[in-house]
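Inside the fold
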Amino acid sequence: MKVEQYLDDVITRDGAAHLTLIDPDVQEPSVASDIARAAEKAGSSAIMVGGSVGASGGILDLTLHAIREAADLPRILFPSSVCGLSRYADAVFFMSLLNSRDVNYLIGNQMLGAKAVLEYGIEPIPMAYLIVAPGGTVGWVGDAKLIPREKPELAVAYSLAGRYLGMRYTYLEAGSGAADPVPPEMIRAVKSAGCKTLVVGGGIRDEKTARAAVVAGADIIVTGTAIEEASEVERTIAGFVDAITQ
Ligand code: 1GP
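The following paragraphs examine the structure supplied in this document. (Residues numbered from 1 in each chain as written. Predicted model: local features only at pLDDT ≥ 70, side-chain atom pairs only at ≥ 80, totals over all residues. Heavy atoms only, no water.)

This paragraph deals with helix α8 (residues 207-216). Among the residues of α8, A210, A213, V214 and A216 are the ones counted as buried. What you see down the axis of α8 is that its buried residues fit within an arc of 165 degrees, all on one side. Along α8, the residues that are exposed and aim more than 90 degrees away from the buried face are K208 and V215. In this structure, the buried residues of α8 make contact with α7 (184-192), β8 (220-223) and α10 (233-245). N-cap assignment for α8: the residue whose side-chain oxygen lies 3.3 Å from the backbone N of K208 is D206. At the exit of α8 stands G217, carrying a positive phi of roughly 135 degrees. (Buried < 20%, exposed > 50% of the residue type's maximum accessible area, 1.4 Å probe, protein only. Helix = DSSP H or I, 4+ residues; strand = E, 2+ residues; numbered from the N terminus. Arc of directions from axis to C-beta. Contact = heavy atoms within 4.5 Å. Polar contact = N/O pair within 3.5 Å; in protein donor to acceptor, adjacent residues only side chain to side chain.)

The structure is reproduced here in structure tokens:
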């Protein structure tokens, strides 16, 4: 439980943690390495590596290598399927997309990948992954029955179900690049219902939105698109880190 314990310690110490999401399909490994270096300098707590389409095979391994050379931060896989696993990571968000209609995203890919996780020695962090409208590409790929934004009680019920199944993390996902992030009311409801570690991401583009999510109860904030599009990467990440830990 090294990476999970590390994140717990960061959250206890700083109130919240920031994770930098790198999608290997979006940039060359050399650029991923620049982002990782900037993330470490800016105080981000770990690098999440994954994406809905194309984050697998050689480019995934090369990106993980590039990140390792640039920064000492833990590298956590964020796989969309069994193809998103690699031996060159420290941990994996071992997710079940609880509101998917497709058994492959509920348990099929997990079964196919479990032996590799064991053999590679990467740390599995059990996670209830929930996709909230609008859901974006991941909602489409994962065949999610999107949780309506005005129905926090549905997110609470899924998060509780995940917790009772032994998942210590819940991830409320609005979809990468979402026009609207997860509503604070939904974050508040899920945290109030006793979620241990609550991750929120999708459409968080500015410090104010990140801060509002933490005030509502998020323990971990994930940003990808805002970093990909930033002209000054280190400053952008530092802004998020300051906003959620102040
Ligand atoms: C996507 O929640 C993450 O899975 C991050 O979303 O790219 O919108 O930051 P963004």
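Further remarks concern the site of the ligand. All residues adjacent to the ligand are L21, F78, Y171, E173, S176, G177, G201, G202, G203, T223, G224 and T225. The side chain of S176 places a nitrogen or oxygen atom 2.6 Å from an oxygen atom of the ligand. At 2.7 Å from an oxygen atom of the ligand is found a main-chain nitrogen or oxygen belonging to G177. Burial of the ligand by the protein chains amounts to 96% of its free accessible area of 310 Å². Among the cavities detected, the one that contains the ligand is the largest pocket. Split into classes, the residues belonging to the shell around the ligand amount to three nonpolar, eight polar and one charged. (Near = heavy atom within 4 Å. Areas by Shrake-Rupley, 256 points an atom, 1.4 Å probe, with all protein chains shown as cover. 1 Å grid on protein atoms, 1.4 Å probe; cavity = no way out; pocket = protein on both sides within 12 Å on 5 of 7 lines; lining within 4 Å. Sits in = over half its atoms within 2 Å of the grid points. Nonpolar A, V, L, I, M, F, W, Y, C, P; charged D, E, K, R; others polar.)

Nothing here speaks to function; it is all geometry.
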